[in-house]
Amino acid sequence: MPVGMPPKLLADIDCRTLWLGAVAGGALYLLAFLASLALAALTIAGVAASARQQTMLLPAAAIPETSLGQGWSILGQFAAQLIPLAHLGVLSTTSEGSVPFLGQVRIEASASAVPLVLLAICLAAAWFSGRIAEGRVSSVTSAQVWAQSIIAGGVFSVLTTSVAAVASVNFPAIGGLRVEPVSAAGLWPLIVAFVAVTGMSWLGRRSSTHVKGPGPKEVQDPGSGWSKRFTEGLLPAVGAHVVVFFLIAVPTAWIVAGAKLGWAGALSAPLWVVNVAGYLFVDGHLGGLHGIARTSQLWGASGTSSSDGYFYGVAGTMADVGLPTWAAWLLVLLSLVSVAVSSAVLLFHRGHVPAAGLIAWLPVPLAFAALGLVATVLLGAGLQIDMAGMFTADYSFGAASWFVAVMAFWGVLVEAGSRYLAPFVLPYLPVRFRAALSERGGGGRTAMKQAGFGTPSAAGSASDVAATDIATTTEPGDMGSLQPLHNENPAKTPSPKQRKRILAGLIAAFASGCLRRAP
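Predicted, not measured: the structure shown is a model, and the values here were computed from it.

Draft legend 1. Geometry of the overall build of the chain. Counting its regular elements, the chain contains 15 helices and seven strands. Across the 519 residues in the chain, those meeting the buried criterion constitute 42%. Residue pairs in contact within the chain that sit at least 24 positions apart in sequence constitute 76% of those at least 6 positions apart. For the chain, the exposed area adds up to about 26,400 Å²; of that, 69% sits on carbon and sulfur atoms.

In structure tokens:
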């Protein structure tokens, strides 16, 4: 080996500290299981409370003694299956036996739906666990960071699959049919859980301020040169767009569910309300929802029925599920508000960029297209039933296939807003918001100076920012070439308490309208 070459990969890994990655992976699964257990308990409690209210009007003899107790008996098993479901698992089972008049029967059934709230908890916990573990024992090399992250992801994925397989839900025989244990364990959730947790753990470790080490082994800050130029600010911009929309959609859907479905909707909402907000996100961005229902009867009076439809709230095709047309248009308005916020965040993180050049316009639309692709995958839900030689059924629901292209168009709006609209909106943003973002780097500071504002103090005080005359850049096509703005009378912004009241009022008004107008 030539002199000066870096040592081998294994030489950069300290095996004595790899146990910390395994502990992080185990702790992450324990946290995910506790969160899943809480979601499952709330769901079963809501269903039980709703059933108890409905059975109060029925004779006592008509209520089976085990009707409410069966759900609690499978609480732990149900919670174990939610974790692989959150990582694109499929809940499947098989039933077979002899049925009168039909003979030997075999039925295969499978269902898939990603509980987004549990997936978000797992990803966030993986990031924090990696960051905390790195703070405990610092990794000197990049290879060490990767090794710790891979071990954490491997432990979590193995526990996810193995516990789900062991805790399969068992049901008694029904009408002569023996039901195989119901489980979501499989190869696909094993792979997805490993990749997701490994990646988030790596990001958490890289974000830790405790990462250090001399020489060529030192973990360098990610992103430099042309890659940093085209990727800086993308993740905050996309994240802000999603957070602003969900900040309104989630509590609104929760309020409506509690009012319409009672305890069953209010208590079970934490498990599925984020998914519903995801469908509202698709509809609010004019992406369209796609539903398919196909059934085939292969014995007796054989026949096939199929329905394939696209649903747009603004066209009134979702009124049957409680989303009136006026509410759908409010979702579109909420999407536009999210675009404005996302544009401001992008400007703060990236600063002004030249207006010329097609390549410079591509990163943001591509990032939003990736968001559309992820949403299409995660929001897909399906149910398949196959009674061999007798009956088949296939139901699926999710975002339309062109939602990726639709989100790319919204990315173009965000890019255009960051270049041409956000510089004029900066004076009206809350001072603390500007201060927090400007502290993240030169992009935010430059954007504020080019808009004619001084940099807020590090403490982010609520006082108005004094007007300053800042010389701007003179590059051709640069938005900084605009004449400096003189903010002699800075716009007054509402206090945090007032903003909370405004937000609560908007949510309450929107939910009230949904309750009054929805059929």
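Draft legend 2. Representation of the nonpolar core in the model. Grouped together as the largest cluster of nonpolar side chains are 68 residues, with contacts concentrated most on Leu118, Phe156, Phe245 and Phe403. Setting aside anything within four residues of it in sequence, one finds Leu118 in contact with Ala32, Ala35, Ser36, Leu39, Leu82, Ile83 and Ala86. Of all hydrophobic cores here, the second largest spans six residues; its members include Val99, Val105, Leu177 and Met387.

Draft legend 3. Seen up close, the environment of His241. For His241, the position within the fold is in helix 8 (residues 234-261). Linking His241 and Phe368, residues 127 residues apart in sequence, is a C-alpha distance of 9.6 Å. Those residues within four positions of His241 in sequence are excluded, and the remaining contacts are Phe281, His285, Ser335, Ser338, Val339, Ser342 and Phe368. Within the local environment of His241, its side chain forms a polar contact with the backbone oxygen of Ser338, the two atoms lying 3.5 Å apart.

Draft legend 4. Expanded view of the packing of aromatic side chains. Summed over all chains, the structure comprises eleven aromatic pairs. Taken together, a centroid distance of 5.1 Å and an interplanar angle of 20° make the contact between Trp146 and Trp202 stacked. Taken together, the residues span a long stretch of sequence, with Trp146 in helix 5 (residues 142-166) and Trp202 in helix 6 (residues 187-206) at a distance of 56 residues. For Trp202, a relative accessible area of 18% gives the class buried.

Draft legend 5. Just the pairing of strand 1 (residues 91-99), in detail. Direction of pairing for strand 1 relative to strand 2 (residues 103-112): antiparallel, over a ladder of nine bridges. Each bridged residue has a counterpart across the sheet, and for Thr93 the counterpart in strand 2 is Ala109. In this sheet, strand 3 (residues 177-179) lies alongside strand 1 in antiparallel orientation, the contact comprising three bridges. Bridge pairing in strand 3 places Ser95 opposite Val179.

Draft legend 6. Spotlight on the environment of Val273. Among the secondary structure elements, Val273 is positioned in helix 9 (residues 263-284). For Val273, a relative accessible area of 2% corresponds to the buried category. If we ignore the near neighbours within four places in the chain, the residues touching Val273 are Val250, Ala253 and Trp254.

Draft legend 7. The arrangement of unusual backbone geometry in detail. Notably, Leu88 is not glycine yet its phi reads approximately 65°, a positive angle. Tracing the sequence through the fold places Leu88 in the loop between helix 3 (75-86) and strand 1.

Draft legend 8. A look at the packing of helix 8 against helix 11 (residues 363-378). Two elements in contact, helix 8 and helix 11, have axes separated by 10 Å at closest approach and are oriented at 50°. Between helix 8 and helix 11, the angle is such that the two are oblique. For the crossing formed where helix 8 meets helix 11, the hand is right-handed. Residue-level inspection shows Leu234, Ala237, Val238, His241 and Val242 of helix 8 in contact with helix 11, the latter providing Pro363, Val364, Ala367, Phe368 and Leu371. Class assignment of the residues belonging to the contact of helix 8 with helix 11 gives a composition of nine nonpolar, one polar and no charged.

Draft legend 9. Structural detail: a nonpolar patch on the surface. On the surface, a nonpolar cluster with roughly 430 Å² of combined accessible area is contributed by Leu187, Trp188, Ile191 and Val195. Inspection of the secondary structure puts Ile191 in helix 6.

Draft legend 10. Summary view of helix 6. Helix length check: helix 6 (20 residues) gives 29 Å between terminal C-alpha atoms against 28 Å at 1.5 Å per residue, within 8%. Turning to helix 6, its buried residues are Pro189, Ala193, Val197, Thr198, Ser201, Trp202, Gly204 and Arg205.

Draft legend 11. Examining the confidence of the model for the chain more closely. Of all residues in the chain, 69% attain a pLDDT of 70 or more, and the chain-wide mean is 77. Confidence scores differ between elements of the chain, with helix 14 (residues 442-450) showing the lowest mean pLDDT of 52 and helix 11 the highest of 94. Low pLDDT, under 50, characterises residues 1-6; the stretch is placed with one contact to residues that sit more than four places away or in other chains. Note on residues 451-492: pLDDT under 50 across the span, and 71 contacts to partners over four residues away in sequence or across chains.

Draft legend 12. Summary view of the pattern of salt bridges. Under the counting rule described, the total for this entry stands at seven salt bridges. For the salt bridge of Glu180 with Arg178, the shortest nitrogen-to-oxygen distance reads 2.4 Å. By relative accessible area, Glu180 is classed as partly exposed at 26%. Take Arg178: its relative accessible area is 44%, and that puts it in the partly exposed class. The salt bridge involving Arg350 is made with Glu415; its shortest N-O contact spans 3.0 Å. Here the residue Arg350 occupies a position in helix 10 (residues 325-350), and Glu415 occupies one in helix 12 (residues 403-425), the gap between them amounting to 65 residues.

Draft legend 13. Summary view of the side chain of Ser342. Residue position: Ser342 is located in helix 10. Take Ser342: its relative accessible area is 0%, and that puts it in the buried class. When near neighbours in sequence (up to four residues on either side) are disregarded, Ser342 contacts Ala237, Val238, His241, Phe368 and Val414.

About the thresholds
- Residues numbered from 1 in each chain as written.
- Predicted model: local features only at pLDDT ≥ 70, side-chain atom pairs only at ≥ 80, totals over all residues.
- Heavy atoms only, no water.
- Helix = DSSP H or I, 4+ residues; strand = E, 2+ residues; numbered from the N terminus.
- Buried < 20%, exposed > 50% of the residue type's maximum accessible area, 1.4 Å probe, protein only.
- Contact = heavy atoms within 4.5 Å.
- Areas by Shrake-Rupley, 256 points an atom, 1.4 Å probe, with all protein chains shown as cover.
- Core = buried A, V, L, I, M, F, W, Y, C linked by side-chain atoms within 4.5 Å.
- Polar contact = N/O pair within 3.5 Å; in protein donor to acceptor, adjacent residues only side chain to side chain.
- Phe/Tyr/Trp six-rings, centres within 6.5 Å; stacked < 30°, edge-to-face > 60°.
- Pairing = 2+ DSSP bridges.
- Axes fitted to C-alpha atoms, helices over the stretch in contact; angles between N-to-C directions.
- Parallel < 35°, antiparallel > 145°, perpendicular 65-115°, else oblique.
- Left-handed = near helix turned anticlockwise from the far one by under 90°.
- Nonpolar A, V, L, I, M, F, W, Y, C, P; charged D, E, K, R; others polar.
- Patch = residues over 30% accessible without salt bridge, like charges linked within 9 Å, V, L, I, M, F, W, Y side chains within 5 Å.
- Salt bridge = Lys/Arg side-chain N within 4 Å of Asp/Glu carboxyl O.
- Expected span 1.5 Å × (residues − 1).
- pLDDT = per-residue confidence, 0-100.

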